[in-house]
Amino acid sequence: LPRLSPADIQTLLESGLVSFESHTISHPHLSRLPSTNVRYELVESKRMVERLRGSTALYVAYPYGDRSPDVEQGAREAGYEAAFSITEGMIHLGDDLFHLKRIQVDASIHPLLFKLRLTSAVDWNRRMVDWLRHS
């Protein structure tokens, strides 16, 4: 799909309906990169988002959910307050701030399923999937 232009992003930001955070420059598998490249991806993405937003970018979502202890440390050093994996579920008090869960939504999601994903049902589903994978 085509990417949003800076003008598109500015329009969405001005609407007040959405916010934008960091997701790296080139969407790489961060754990496969040398630390200098990881730093570049995280720092430059943060700077770009901050220029577009006109305010501090606090969060990053790891591309593909690909992370490692070194990548998490890189996110801390880049100045992020938290980072998101691709593990689906709700965020709970005490969760690791550099391995937060998220709820993925796209155009194929039925409205009822969308509503369920905004409840604790998403955690129940995650536990069932994990249980089935380990059975």
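Residues numbered from 1 in each chain as written. Predicted model: local features only at pLDDT ≥ 70, side-chain atom pairs only at ≥ 80, totals over all residues. Heavy atoms only, no water.

A. Representation of the sheet that holds strand β3 (residues 100–102) in the model. Strand order across the open sheet formed by three strands is β1-β2-β3, with parallel pairing between neighbours. Of all strands in the sheet, those bounded by a partner on one side alone are β1 (59–61) and β3. Geometrically, the sheet is characterised by an average inter-axis angle of 40° between neighbouring strands, direction not taken into account. Where β1 lies against strand β2 (residues 82–88), three bridges are found, and the strand directions are parallel. Residue pairing in the sheet places Tyr59 in a bridge with Ala82 of β2. (Pairing = 2+ DSSP bridges. Helix = DSSP H or I, 4+ residues; strand = E, 2+ residues; numbered from the N terminus. Axes fitted to C-alpha atoms, helices over the stretch in contact; angles between N-to-C directions.)

B. Here's a closer look at the packing of helix α2 (residues 35–53) against helix α3 (residues 69–77). At a minimum axis distance of 9 Å, the contact between α2 and α3 shows a crossing angle of 40°. Taken together, the axes of α2 and α3 are oblique relative to one another. The element α2 and its partner α3 pack so that their crossing is right-handed. From α2, Val38, Arg39 and Leu42 reach across to α3, where they touch Val71, Gly74, Ala75 and Glu77. Residue composition of the contact of α2 with α3, by class: four nonpolar, one polar and two charged. (Parallel < 35°, antiparallel > 145°, perpendicular 65-115°, else oblique. Left-handed = near helix turned anticlockwise from the far one by under 90°. Contact = heavy atoms within 4.5 Å. Nonpolar A, V, L, I, M, F, W, Y, C, P; charged D, E, K, R; others polar.)

C. Region of the structure containing a nonpolar patch on the surface. Together, Leu4, Leu12, Leu17 and Val18 make up an exposed nonpolar region whose accessible area comes to about 370 Å². The residue Leu17 is located in the loop between α1 (6–15) and α2 in this model. Accessibility expressed as a relative area gives 75% for Leu17, which makes it exposed. (Patch = residues over 30% accessible without salt bridge, like charges linked within 9 Å, V, L, I, M, F, W, Y side chains within 5 Å. Areas by Shrake-Rupley, 256 points an atom, 1.4 Å probe, with all protein chains shown as cover. Salt bridge = Lys/Arg side-chain N within 4 Å of Asp/Glu carboxyl O. Buried < 20%, exposed > 50% of the residue type's maximum accessible area, 1.4 Å probe, protein only.)

D. Local environment of the environment of Tyr40. Tracing the chain through its elements places Tyr40 in helix α2. In this structure Tyr40 comes out as partly exposed when scored by relative accessible area, which is 46%. Distance from Tyr40 to Phe98, taken between C-alpha atoms, is 18 Å for residues 58 residues apart in sequence.

E. The arrangement of the packing of aromatic side chains in detail. All told, the structure shown has one aromatic pair when counted by the stated rule. Ring geometry for Tyr59 against Phe84: centres 6.1 Å apart, planes inclined by 75°, an arrangement best described as edge-to-face. Here Tyr59 is found in strand β1, whereas its partner Phe84 is found in strand β2, with 25 residues between them in sequence. Against the face of Tyr80 rests Lys46, its NZ or CZ located 5.7 Å from the ring centre. (Phe/Tyr/Trp six-rings, centres within 6.5 Å; stacked < 30°, edge-to-face > 60°. Lys NZ or Arg CZ within 6 Å of the ring centre and 35° of its normal.)

F. Broad picture of the side chain of Thr24. With respect to the element layout, Thr24 can be found in the loop between α1 and α2. Here His27 takes part through its backbone nitrogen, which lies 3.1 Å from a polar atom of the side chain of Thr24. Not counting residues within four places of it along the chain, the set of residues in contact with Thr24 comprises Leu30, Glu41, Leu42, Ser45 and Pro63. (Polar contact = N/O pair within 3.5 Å; in protein donor to acceptor, adjacent residues only side chain to side chain.)

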